[in-house]
Amino acid sequence: MLTIPAEVAEQHAELIGIIDTLVERHGRDRSALIPVLQDLHVERRRIGPTAMQVVADRLGIPVTDVYGVVTFYSFLGMGAVGRHVIRLCRTISCGMAGAEGIARHLERELGIGFGETTPDGLFTLEWANCIGRCDSAPAMLVDQSAMGHLTPELVSEVIAGLRAAAREE
Ligand code: FES
């Protein structure tokens with residue numbers, strides 16, 4: 001049963017349909033939470049408050065549990081709406097290896113700040129905590145791929161490559 005008001009459910013009928021399909025696929029209990037959220041993120045790019053409530057209702061768990069998972073697993077990127085999400089690690093090894101300089105370079109290249117999405121919807125820029133590539137700091141995630149030994153030149157190359165790929169589609 002849904003706990004959201006009927007008019008909200010009506011407005012979000014498509015979203016609810018997607019969630020129902022995913023719940024059908026992954027199961028109706030807590031163990032389905034992460035697979036449902038991962039697939040939902042692939043489909044919708046953003047997991048907002050309504051989606052979290054519907055997932056909680058369908059799986060029979062508190063919405064705070066869903067919220068906790070979405071925010072903990074930053075790859076689900078609740079606020080991330082860009083087609084590509086770049087997450088620069090700001091934890092200590094990366095910080096000491098020059099993440100701050102890479103951050104300024106990313107902002108200049110993309111023309112946006114952290115937590116923002118480019119007007120063309122191609123990139124969202126976010127911070128991440130340690131992504132397990134401390135040995136090749138500074139590091140970042142580009143969508144699901146980790147990249148280390150970052151330099152301004154490498155960052156520019158990666159962004160140019162993604163822009164070129166988008167133009168070709
Ligand atoms: S501190 Fe940046 S990847 Fe570990």
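Residues numbered from 1 in each chain as written. Predicted model: local features only at pLDDT ≥ 70, side-chain atom pairs only at ≥ 80, totals over all residues. Heavy atoms only, no water.

Caption draft 1: Highlighting the overall build of the protein. What the protein contains, in helices and strands, is eight helices and five strands. In the protein, the succession of α and β elements from N to C terminus is α-α-α-α-α-β-α-α-β-β-β-β-α. Taking the principal axes of its C-alpha atoms as reference, the protein extends roughly 50 × 35 × 25 Å. Out of the 169 residues belonging to the protein, those deemed buried represent 41%. (Helix = DSSP H or I, 4+ residues; strand = E, 2+ residues; numbered from the N terminus. Buried < 20%, exposed > 50% of the residue type's maximum accessible area, 1.4 Å probe, protein only.)

Caption draft 2: Quick look at the pattern of salt bridges. Using the criterion set out here, one finds eight salt bridges in the structure. Among the ionic pairs, arginine 25 bridges to aspartate 39, the shortest N-O distance being 3.0 Å. With a gap of 14 residues between them, arginine 25 in helix H2 (residues 13-26) and aspartate 39 in helix H3 (residues 33-44) connect regions that are remote in the sequence. Relative accessible area serves as the criterion here: at 22%, aspartate 39 is assigned to the partly exposed category. Because the salt bridges share partners, they merge into one network encompassing Glu100, Arg104 and Glu107. (Salt bridge = Lys/Arg side-chain N within 4 Å of Asp/Glu carboxyl O.)

Caption draft 3: Just the confidence of the model for the protein, in detail. Within the protein, residue pLDDT values average 90, and 96% of them lie at 70 or more. Within the protein, helix H5 (residues 63-72) has the poorest average pLDDT of any element, 85, and helix H7 (residues 99-110) the best, 96. (pLDDT = per-residue confidence, 0-100.)

Caption draft 4: Quick look at the nonpolar core. Judged by nonpolar contacts, the single largest core of 24 residues is most densely connected at Ile19, Leu33, Leu37, Leu40, Val55 and Val66. Elements supplying a minimum of two residues to this core: H2, H3, helix H4 (49-59) and H5. Those residues in contact with leucine 33, other than ones at most four positions away along the chain, are Val55, Leu59, Ile61, Asp65, Val66 and Val69. (Core = buried A, V, L, I, M, F, W, Y, C linked by side-chain atoms within 4.5 Å. Contact = heavy atoms within 4.5 Å.)

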